[in-house]
Amino acid sequence: MNFEQARYNMVEQQIRPWEVLDFGVLDLLMSIRREEFVPEAYKSLALSEAEIPLGHGGSMLVPVIEGKILQAIQVKRSDKVLEVGAGSGYFAALMAAKADWVRTVDIEPAMVNMAHDNLKRYGVENVIVEEGDAICGWPSNAPYDLIVVSGGVSQIPESLLQQVKVGGRLFAFVGDERLMTAQLVTCVAEGQYRTESIFENAVPMMRNAPRKSEFKF
């Protein structure tokens with residue numbers, strides 16, 4: 001299979017038509033080899049629009065969604081990033097190419113091993129993969145310049161918001177299984193946040209994500 005031609009087609013036919021026009025994002029998607037982070041059985045589909053299963057109820061976000069997230073979050077070289085949900089390690093690799101460092105945390109041990117092995121094999125040195133439940137935060141290295149939640153939540157936990165630096169941002173899919181809004185939340189001052197709705201989509205819910213009835217303020 002000609003992965004380079006498929007990668008070009010992915011960017012030009014899937015991602016760019018959906019208003020992902022940031023040249024830095026498009027160049028990044030061309031340079032990081034997605035097929036290196038896909039299970040062997042699905043490698044031929046790595047650059048297609050297919051939702052690729054990772055096992056244990058997990059799956060990779062489709063390329064156009066990955067592109068839209070990257071365009072929204074605008075990773076900076078100085079950013080210290082927390083990713084909630086490691087998946088295959090691919091999105092961590094994308095962010096790590098632009099950030100200072102990325103800490104990606106997953107509740108599923110098999111995902112932790114997959115992400116760790118993929119990132120190590122690909123030669124990414126500024127990503128730390130840890131096992132745990134970070135949906136309500138990962139305080140040991142807080143605060144963060146950027147937090148990305150890779151699955152759906154019914155509401156963003158207050159404890160997670162509190163780990164965003166002033167001037168930092170948090171990205172999450174907020175809603176229920178049927179419809180979610182991709183939101184970018186910026187901490188404009190201590191305890192004050194500005195929320196932008198970026199696009200609508202449905203992704204798998206995060207495991208252990210608190211339901212609205214469980215939130216306490």
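Not measured: the values here are computed from a predicted model. (Residues numbered from 1 in each chain as written. Predicted model: local features only at pLDDT ≥ 70, side-chain atom pairs only at ≥ 80, totals over all residues. Heavy atoms only, no water.)

**Student:** Provide a residue-level description of the pattern of salt bridges, including the pertinent values.
**Tutor:** Summed over the entire model, instances satisfying the criterion amount to 11 salt bridges. Here arginine 7 and glutamate 35 are joined by a salt bridge, their closest N and O atoms 2.8 Å apart. Here glutamate 35 lies in the loop between helix H2 (23-31) and strand E1 (53-55) and arginine 7 lies in helix H1 (residues 3-15), a separation of 28 residues in the sequence. For the residue pair arginine 7 and glutamate 35, the accessibility class agrees, reading buried in each case. Three or more residues are tied together by salt bridges with common partners; here these are Glu4, Arg7 and Glu35. (Salt bridge = Lys/Arg side-chain N within 4 Å of Asp/Glu carboxyl O. Helix = DSSP H or I, 4+ residues; strand = E, 2+ residues; numbered from the N terminus. Buried < 20%, exposed > 50% of the residue type's maximum accessible area, 1.4 Å probe, protein only.)

**Student:** Break down the nonpolar core for me, citing the residues and quoting the values.
**Tutor:** Within soluble globular proteins, side chains that are nonpolar tend to cluster in buried spots. Counting 52 residues, the largest nonpolar core has Leu29, Leu70, Ile73, Met95, Phe171 and Phe173 as its most contacted members. The greatest single-element share of this core, amounting to 7 residues, is contributed by helix H4 (residues 90-96). If sequence neighbours within four positions are ignored, phenylalanine 171 has contacts with Ile69, Ile73, Ile147, Val148, Val149, Ala182, Gln183, Leu184 and Phe199. (Core = buried A, V, L, I, M, F, W, Y, C linked by side-chain atoms within 4.5 Å. Contact = heavy atoms within 4.5 Å.)

**Student:** Talk me through the packing of H2 against helix H3 (residues 63-73); I want residue IDs and the actual numbers.
**Tutor:** Put simply, H2 and H3 touch, their axes get as near as 9 Å, and they point 135° apart. Judged by the inter-axis angle, H2 sits oblique to H3. Here the hand of the crossing between H2 and H3 comes out right-handed. Contacts between H2 and H3 pair Val25, Leu28 and Leu29 from the former with Gly67, Leu70 and Gln71 from the latter. (Axes fitted to C-alpha atoms, helices over the stretch in contact; angles between N-to-C directions. Parallel < 35°, antiparallel > 145°, perpendicular 65-115°, else oblique. Left-handed = near helix turned anticlockwise from the far one by under 90°.)

**Student:** I'd love a proper account of the layout of surface pockets, names of residues and values included.
**Tutor:** Approximately 590 Å³ is the volume found for the largest pocket. Along the walls of the largest pocket sit 34 residues, with Gly85, Gly87, Asp106, Ser150 and Met206 positioned nearest its centre. Looking at the lining of the largest pocket, the elements with two or more residues in it are strand E2 (58-59), H3, strand E3 (80-84), H4, strand E4 (101-106) and strand E6 (144-153). With 3 residues, E6 is the single largest residue contributor to the lining of the largest pocket. (1 Å grid on protein atoms, 1.4 Å probe; cavity = no way out; pocket = protein on both sides within 12 Å on 5 of 7 lines; lining within 4 Å. Points joined across faces, edges and corners; volume = space filled by probe spheres on them.)

**Student:** Go over H1, please, and point to the residues and values.
**Tutor:** By the burial criterion, the buried members of H1 are Ala6, Arg7, Met10, Val11, Gln14 and Ile15. Lining the buried residues of H1 we find H2 and H3. Here H1 starts with a cap whose side-chain oxygen sits 3.2 Å from the backbone nitrogen of glutamate 4, and that cap is asparagine 2. (Polar contact = N/O pair within 3.5 Å; in protein donor to acceptor, adjacent residues only side chain to side chain.)

**Student:** An account of the side chain of lysine 68 is needed here, citing residue identities and associated values.
**Tutor:** Locating lysine 68 in the fold gives a position in helix H3. This buried residue, lysine 68, is left without a salt bridge; glutamate 19 holds the nearest opposite charge, at 5.3 Å. (Lys, Arg positive; Asp, Glu negative; His and termini not counted.)

**Student:** Before we move on, can you summarise the side chain of glutamine 183 with the specific residues and values?
**Tutor:** Structurally, the position occupied by glutamine 183 is in strand E8 (residues 180-189). Beyond its immediate chain neighbours, meaning those up to four positions away, glutamine 183 contacts Ile156, Leu170, Phe171, Ala172, Val174, Thr195 and Glu196.

**Student:** Could you give an account of the pairing of strand E9 (residues 192-201), with specific residues and numbers?
**Tutor:** Examined bridge by bridge, E8 and E9 share 9 bridges and lie antiparallel to one another. Bridged to threonine 186 within E9 is arginine 194. Taking the residues that link successive antiparallel strands as the turn, the E8-E9 hairpin has 2 residues, and the phi of glycine 191 there is positive, at about 75°. (Pairing = 2+ DSSP bridges.)

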